[in-house]
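Close look at the chain arrangement
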Amino acid sequence: MYPLKVYLFSGKRKCGKDYVTDRLFESLDKEYAVIIKISAPIKEHWAKVKGLDYEQLLSSSSYKEKYRKEMLPWSEKMRNDDYGIFCRAAVDMFNGLAEKPIWIVSDIRRKTDIRWFKENFGAAIKTIKIIAGDDIRKSRGWVFEEGIDDQETECDLDDVEEWDLIITNHSTDEVDKAIEDMKQEIQECLTRNELKHAHH
(Lines give C-alpha, C1' and ligand atoms only; values in the text may rest on other atoms or scores of the structure.)
Protein backbone atom coordinates (compact mmCIF):
# COMPACT_ATOMS: atom_id res chain seq x y z
CA MET A 1 0.00 0.00 0.00
CA TYR A 2 2.61 2.56 1.01
CA PRO A 3 3.81 4.94 -0.24
CA LEU A 4 1.53 6.27 -2.99
CA LYS A 5 3.85 9.10 -4.04
CA VAL A 6 7.50 9.73 -3.28
CA TYR A 7 8.82 13.14 -4.31
CA LEU A 8 12.61 13.16 -4.54
CA PHE A 9 14.01 16.70 -4.35
CA SER A 10 17.52 17.58 -5.43
CA GLY A 11 19.47 20.83 -5.69
CA LYS A 12 22.69 22.61 -4.82
CA ARG A 13 23.45 24.38 -1.57
CA LYS A 14 21.39 27.55 -1.15
CA CYS A 15 19.18 26.82 -4.16
CA GLY A 16 16.24 26.89 -1.76
CA LYS A 17 15.48 23.15 -1.46
CA ASP A 18 14.34 23.46 2.15
CA TYR A 19 12.21 26.49 1.31
CA VAL A 20 10.35 24.60 -1.44
CA THR A 21 10.02 21.28 0.40
CA ASP A 22 8.93 22.99 3.63
CA ARG A 23 6.32 25.01 1.77
CA LEU A 24 4.96 21.93 0.02
CA PHE A 25 4.86 20.02 3.30
CA GLU A 26 3.16 22.91 5.13
CA SER A 27 0.47 23.05 2.46
CA LEU A 28 -0.41 19.36 2.94
CA ASP A 29 -2.36 17.55 5.63
CA LYS A 30 0.09 16.01 8.12
CA GLU A 31 -2.30 13.05 8.36
CA TYR A 32 -0.96 11.73 5.09
CA ALA A 33 2.33 13.53 4.37
CA VAL A 34 5.82 13.19 5.82
CA ILE A 35 9.08 14.94 5.07
CA ILE A 36 12.15 12.67 4.97
CA LYS A 37 15.71 13.95 5.24
CA ILE A 38 18.42 11.53 4.16
CA SER A 39 21.03 13.61 5.96
CA ALA A 40 19.21 13.24 9.29
CA PRO A 41 20.54 9.78 10.28
CA ILE A 42 24.05 10.92 9.29
CA LYS A 43 23.73 14.00 11.47
CA GLU A 44 22.14 12.09 14.32
CA HIS A 45 25.06 9.66 14.39
CA TRP A 46 27.54 12.51 14.16
CA ALA A 47 25.83 14.42 16.96
CA LYS A 48 26.02 11.37 19.25
CA VAL A 49 29.63 10.53 18.45
CA LYS A 50 30.86 14.11 18.73
CA GLY A 51 28.45 15.42 21.33
CA LEU A 52 27.08 18.03 18.91
CA ASP A 53 23.71 19.74 18.75
CA TYR A 54 21.58 17.58 16.42
CA GLU A 55 18.90 20.24 15.84
CA GLN A 56 21.54 22.77 14.84
CA LEU A 57 23.15 20.27 12.46
CA LEU A 58 19.79 19.79 10.74
CA SER A 59 19.20 23.50 10.20
CA SER A 60 20.79 25.52 7.41
CA SER A 61 23.06 27.24 9.93
CA SER A 62 26.76 27.97 9.93
CA TYR A 63 27.00 25.34 12.68
CA LYS A 64 26.26 22.64 10.10
CA GLU A 65 28.75 24.11 7.62
CA LYS A 66 31.47 23.90 10.27
CA TYR A 67 31.12 20.09 10.49
CA ARG A 68 30.13 19.35 6.89
CA LYS A 69 33.72 18.61 5.80
CA GLU A 70 34.17 16.09 8.60
CA MET A 71 30.84 14.38 7.99
CA LEU A 72 31.52 13.82 4.29
CA PRO A 73 34.36 11.25 4.35
CA TRP A 74 32.66 9.24 7.08
CA SER A 75 29.32 9.10 5.27
CA GLU A 76 31.07 8.29 1.96
CA LYS A 77 32.77 5.30 3.53
CA MET A 78 29.47 4.02 4.94
CA ARG A 79 27.79 4.46 1.56
CA ASN A 80 30.53 2.62 -0.30
CA ASP A 81 29.76 -0.44 1.81
CA ASP A 82 25.99 -0.11 1.36
CA TYR A 83 24.61 2.60 -0.93
CA GLY A 84 21.11 2.43 0.55
CA ILE A 85 22.16 2.69 4.19
CA PHE A 86 21.09 6.31 4.83
CA CYS A 87 18.00 6.13 2.61
CA ARG A 88 16.76 3.15 4.61
CA ALA A 89 17.66 4.75 7.94
CA ALA A 90 15.90 8.00 6.98
CA VAL A 91 12.73 6.19 5.92
CA ASP A 92 12.70 4.30 9.23
CA MET A 93 13.44 7.43 11.20
CA PHE A 94 10.71 9.64 9.68
CA ASN A 95 8.06 7.29 8.37
CA GLY A 96 8.63 4.29 10.60
CA LEU A 97 5.36 2.99 11.94
CA ALA A 98 3.30 6.00 10.88
CA GLU A 99 3.25 4.84 7.25
CA LYS A 100 2.11 8.02 5.54
CA PRO A 101 1.23 7.68 1.85
CA ILE A 102 2.93 10.88 0.61
CA TRP A 103 6.68 11.24 1.09
CA ILE A 104 8.71 14.36 0.46
CA VAL A 105 12.38 13.40 0.40
CA SER A 106 14.06 16.77 0.71
CA ASP A 107 17.75 16.10 0.04
CA ILE A 108 18.60 13.64 -2.73
CA ARG A 109 22.28 14.08 -3.55
CA ARG A 110 23.45 11.04 -5.44
CA LYS A 111 22.50 8.76 -8.29
CA THR A 112 22.55 5.91 -5.76
CA ASP A 113 19.90 7.73 -3.66
CA ILE A 114 17.59 7.84 -6.67
CA ARG A 115 18.49 4.25 -7.54
CA TRP A 116 17.61 2.99 -4.06
CA PHE A 117 14.22 4.72 -4.01
CA LYS A 118 13.40 3.57 -7.54
CA GLU A 119 14.38 -0.01 -6.72
CA ASN A 120 12.13 0.03 -3.67
CA PHE A 121 9.19 2.24 -4.67
CA GLY A 122 9.30 2.25 -8.48
CA ALA A 123 6.07 3.72 -9.82
CA ALA A 124 5.54 6.05 -6.85
CA ILE A 125 8.71 8.04 -7.57
CA LYS A 126 8.78 11.57 -8.96
CA THR A 127 12.17 13.28 -9.31
CA ILE A 128 12.41 17.04 -8.92
CA LYS A 129 15.41 19.29 -9.40
CA ILE A 130 15.50 22.77 -7.90
CA ILE A 131 17.82 25.19 -9.59
CA ALA A 132 18.94 28.74 -8.84
CA GLY A 133 21.64 30.79 -10.55
CA ASP A 134 24.96 31.30 -8.75
CA ASP A 135 24.19 35.00 -8.27
CA ILE A 136 20.91 34.12 -6.57
CA ARG A 137 22.61 31.50 -4.41
CA LYS A 138 25.29 34.03 -3.44
CA SER A 139 22.60 36.51 -2.44
CA ARG A 140 21.33 33.78 -0.08
CA GLY A 141 24.76 33.40 1.49
CA TRP A 142 26.38 30.75 -0.70
CA VAL A 143 30.16 30.92 -1.11
CA PHE A 144 31.98 28.34 -3.24
CA GLU A 145 34.03 26.13 -0.95
CA GLU A 146 36.64 23.69 -2.13
CA GLY A 147 36.20 20.24 -0.64
CA ILE A 148 32.42 20.73 -0.50
CA ASP A 149 31.06 22.30 -3.68
CA ASP A 150 33.33 20.26 -5.94
CA GLN A 151 32.53 16.94 -4.22
CA GLU A 152 30.14 14.16 -5.10
CA THR A 153 27.49 15.36 -2.64
CA GLU A 154 27.09 18.56 -4.66
CA CYS A 155 28.02 17.35 -8.15
CA ASP A 156 26.94 13.74 -8.58
CA LEU A 157 23.58 14.66 -10.11
CA ASP A 158 24.91 17.38 -12.44
CA ASP A 159 24.87 15.12 -15.47
CA VAL A 160 21.45 13.59 -14.81
CA GLU A 161 19.12 14.88 -17.49
CA GLU A 162 15.93 12.98 -16.79
CA TRP A 163 13.91 14.84 -14.17
CA ASP A 164 10.15 14.67 -13.88
CA LEU A 165 10.11 18.32 -12.89
CA ILE A 166 12.62 21.17 -12.78
CA ILE A 167 11.77 24.21 -10.66
CA THR A 168 13.74 27.43 -11.09
CA ASN A 169 13.67 28.99 -7.65
CA HIS A 170 14.24 32.65 -8.53
CA SER A 171 10.75 34.02 -8.05
CA THR A 172 7.91 32.92 -5.82
CA ASP A 173 5.56 32.68 -8.84
CA GLU A 174 7.20 29.59 -10.31
CA VAL A 175 7.49 27.98 -6.88
CA ASP A 176 3.82 28.75 -6.12
CA LYS A 177 2.72 27.18 -9.38
CA ALA A 178 4.86 24.07 -8.88
CA ILE A 179 3.49 23.60 -5.35
CA GLU A 180 -0.10 24.02 -6.57
CA ASP A 181 0.48 21.44 -9.32
CA MET A 182 2.00 18.97 -6.87
CA LYS A 183 -0.85 19.49 -4.40
CA GLN A 184 -3.36 18.77 -7.14
CA GLU A 185 -1.46 15.65 -8.20
CA ILE A 186 -1.36 14.45 -4.58
CA GLN A 187 -5.09 15.10 -4.14
CA GLU A 188 -5.92 13.12 -7.29
CA CYS A 189 -3.65 10.32 -6.19
CA LEU A 190 -5.29 10.09 -2.74
CA THR A 191 -8.79 10.25 -4.25
CA ARG A 192 -7.98 7.46 -6.74
CA ASN A 193 -6.66 5.37 -3.90
CA GLU A 194 -9.79 5.93 -1.78
CA LEU A 195 -12.03 5.00 -4.71
CA LYS A 196 -10.00 1.88 -5.36
CA HIS A 197 -10.44 0.79 -1.73
CA ALA A 198 -14.14 1.69 -1.72
CA HIS A 199 -14.72 -0.75 -4.56
CA HIS A 200 -12.98 -3.66 -2.83
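Here the structure is a predicted model, which is why all the values come from computation and not from measurement.

How each quantity is defined
Residues numbered from 1 in each chain as written. Predicted model: local features only at pLDDT ≥ 70, side-chain atom pairs only at ≥ 80, totals over all residues. Heavy atoms only, no water. UniProt positions renumbered as here; feature names shortened; annotations may be inferred. Helix = DSSP H or I, 4+ residues; strand = E, 2+ residues; numbered from the N terminus. Buried < 20%, exposed > 50% of the residue type's maximum accessible area, 1.4 Å probe, protein only. Contact = heavy atoms within 4.5 Å. Expected span 1.5 Å × (residues − 1). 1 Å grid on protein atoms, 1.4 Å probe; cavity = no way out; pocket = protein on both sides within 12 Å on 5 of 7 lines; lining within 4 Å. Points joined across faces, edges and corners; volume = space filled by probe spheres on them. Polar contact = N/O pair within 3.5 Å; in protein donor to acceptor, adjacent residues only side chain to side chain. Phe/Tyr/Trp six-rings, centres within 6.5 Å; stacked < 30°, edge-to-face > 60°. Lys NZ or Arg CZ within 6 Å of the ring centre and 35° of its normal.

1. Here we look at the UniProt feature "binding site: substrate" (unreviewed entry) in the protein chain
Residues annotated in UniProt with the feature "binding site: substrate" (unreviewed entry) correspond here to Asn 169 and His 170. Relative to the helices and strands, Asn 169 is located in the loop between β5 (165-168) and α9 (172-199). Asn 169 sits in the buried class, given a relative accessible area of 4%. As for its position among the elements, His 170 is in the loop between β5 and α9. Those residues within four positions of His 170 in sequence are excluded, and the remaining contacts are Ile 131, Ala 132, Gly 133 and Ile 136.

2. A word on helix α2 (residues 39-50)
Since the α-helix advances by 3.6 residues per turn, residues separated by three or four positions end up pointing in the same direction. With 12 residues, α2 extends 16 Å between its outermost C-alpha atoms, agreeing within 8% with the 16 Å of an ideal straight helix rising 1.5 Å per residue. Among the structural elements, α3 (54-58), α4 (62-81), α5 (85-94) and β3 (102-108) are those in contact with the buried residues of α2. Phi turns positive, to about 65°, at Gly 51, one or two residues after α2.

3. Let's talk about the layout of surface pockets
Empty space left among the atoms is revealed by rolling a probe the size of a water molecule over them. In this model, the largest pocket occupies a volume close to 710 Å³. As for the largest pocket, its lining consists of 34 residues, of which Arg 13, Lys 43, Lys 64, Arg 68 and Arg 109 are closest to the centre. Of all the secondary-structure elements, those providing two or more residues to the lining of the largest pocket are α1 (17-26), α2, α4 and β3. Ranked by residues supplied to the lining of the largest pocket, first place goes to α4 with 7 residues.

4. Re the UniProt feature "binding site: ATP" (unreviewed entry) in the protein chain
Per the UniProt record, "binding site: ATP" (unreviewed entry) is annotated on Lys 12, Arg 13, Lys 14, Cys 15, Gly 16, Lys 17, Asp 18 and Arg 140. The named residues occupy 129 residues along the chain; their greatest pairwise C-alpha distance, 12.7 Å, places them in one compact cluster. Taking the annotated residues in turn, Lys 12, Arg 13, Lys 14, Cys 15, Gly 16, Lys 17, Asp 18 and Arg 140 line the largest pocket. With respect to the element layout, Lys 14 can be found in the loop between β1 (5-11) and α1. Take Lys 14: its relative accessible area is 33%, and that puts it in the partly exposed class. Among the secondary structure elements, Lys 17 is positioned in helix α1. Among the polar contacts listed, one links the side chain of Lys 17 to the backbone oxygen of Gly 11, at a separation of 2.8 Å.

5. Observations concerning the packing of aromatic side chains
For the structure on display, the rule yields 7 aromatic pairs. When the ring of Trp 74 is compared with that of Phe 86, the centres are 5.8 Å apart and the planes differ by 50°; the resulting orientation is tilted. Residue Trp 74 is found in helix α4, and its partner Phe 86 is found in helix α5; the two are separated by 12 residues along the sequence. Judged by relative accessible area, which is 4%, Phe 86 ranks as buried. Taking 6.5 Å as the distance between ring centres and 85° as the angle between the ring planes, the aromatic pair formed by Trp 142 and Phe 144 counts as edge-to-face. Phe 144 sits in the partly exposed class, given a relative accessible area of 47%. Against the face of Phe 25 rests Lys 30, its NZ or CZ located 4.7 Å from the ring centre. One Lys or Arg, Arg 137, reaches over the ring of Trp 142 and ends 3.8 Å from the middle of that ring.

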